[in-house]
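Close look at the chain arrangement
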Amino acid sequence: MTPAMRRPRHWTRARRRGIAEILGAVLLVGLTLIAGILLWSFRINTPASPPSVGLAIRSGGSNPVWGDPTDCQPRGDWSYPLPAPELSAWRTDWQAQCRPPNVSGNFSLLNTSEIIISQVSATNFLLSDIVFSFVCNNVTGATTLVQGTLDSMSWYPGATSAPAADAPLLGYCGNFDAGGFHNGAFGTLYNRLGMFVPVSQDAQYLQVGDTYILYIHNGGWPLDYGCVVGIYPCPSSGLSPILDADDYHGAPPWCFTTPSACTIYLTYTGTPQTTLATIPVYTLAPPTGA
């Protein structure tokens, strides 16, 4: 057989090799696509990073006792008994200036420390997912004076007309009882201890500048008006503003005498749950020997 007669067989083998190479390339591309789909389908979802916040503490201030009508007098100091012709006008002024949401009156000023949000790692932290807890320790163990979400403890001075439906009430702080009406601290609204004041009214998310105002008892009872003429019981004898005797305000004095006595916790209950801050109350105001 001549070389010319064998050439077609040579071409046939070449064509077969070419087809095989094409089929191999197609299969390789197909396998690559399948492998990519499988890798995409089985990718690992890494957990979300826990949220974090930065805090700034501002101590040594004072704030009105917003939301407590018994600590508001539209005319400042007074003495008893008021002349009868003044009573009607006095009561009208009190209703206009002292009953929430009208908080423009002359409220008692109490010592305060402010816990200010200075940094937030994200903008979607719901106030309803952040829990404020004030925990007290004494010889019988830990007790919680108050615990509630920030949205349930919000008070916007000049606009808030009523506490939230789920607003927390105060319990006992160790063995401390402030005395006064209504069994001292127990069972009164959270705003006798402090309140959360957001930057903007009706805010849903934590923002830089949001502030928790904590009333302080360190160095004696704050001044307190004690009663409201014709609305809350008043002593029969004449007096000026008295010490805080009608109800309870602020962190107890002994929170500032022992570093471990009282602690504030901010806890995020969303996903992932984490403790945002642990704040010894002792550090919020200098001890004064109270």
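Scope of this entry: the structure provided in the associated data block. Note that this is a predicted model, so its numbers are computed, not measured.

**Some points on the pairing of strand β8 (residues 211-215)**
Successive residues of a regular strand alternate their side chains across the two faces of the sheet. Within β8, five of the five residues are buried, leaving the element largely enclosed by the surrounding structure. Here β8 shows no split at all, with Thr 211, Ile 213 and Tyr 215 on one side and Tyr 212 and Leu 214 on the other all buried. Bridge count for strand β4 (residues 109-120) against β8 is five bridges, and the pairing is antiparallel. Residue pairing across strands places Ile 115 opposite Tyr 212, the latter belonging to β8. Relative to β8, strand β7 (residues 194-197) runs antiparallel, the two being bridged by four bridges. Opposite Gly 194, over in β8, you have Leu 214 as the bridge partner.

**Focus: the packing of aromatic side chains**
Summed over the entire model, instances satisfying the criterion amount to two aromatic pairs. Between Phe 132 and Tyr 212, the ring centres sit 4.1 Å apart and the planes meet at 15 degrees, which makes this aromatic pair stacked. Taken as a pair, Phe 132 in strand β5 (residues 130-138) and Tyr 212 in strand β8 lie far apart in primary sequence, 80 residues in all. You can call Phe 132 buried: its relative accessible area is 1%. For Tyr 212, a relative accessible area of 4% corresponds to the buried category.

**Structural notes on the sheet that holds β8**
Taking strand neighbours across the sheet as the criterion, the four strands line up as β1-β4-β8-β7 in an open arrangement whose pairing is antiparallel. A strand with exactly one partner marks an edge of an open sheet, and here the two such strands are β1 (53-64) and β7. With strand direction ignored, the average angle separating the axes of adjacent strands in the sheet is 20 degrees. Pairing between β1 and β4: ten bridges, direction antiparallel. Its bridge partner being in β4, Pro 64 is matched across the sheet by Leu 109.

Conventions we followed
- Residues numbered from 1 in each chain as written.
- Predicted model: local features only at pLDDT ≥ 70, side-chain atom pairs only at ≥ 80, totals over all residues.
- Heavy atoms only, no water.
- Buried < 20%, exposed > 50% of the residue type's maximum accessible area, 1.4 Å probe, protein only.
- Helix = DSSP H or I, 4+ residues; strand = E, 2+ residues; numbered from the N terminus.
- Pairing = 2+ DSSP bridges.
- Phe/Tyr/Trp six-rings, centres within 6.5 Å; stacked < 30°, edge-to-face > 60°.
- Axes fitted to C-alpha atoms, helices over the stretch in contact; angles between N-to-C directions.

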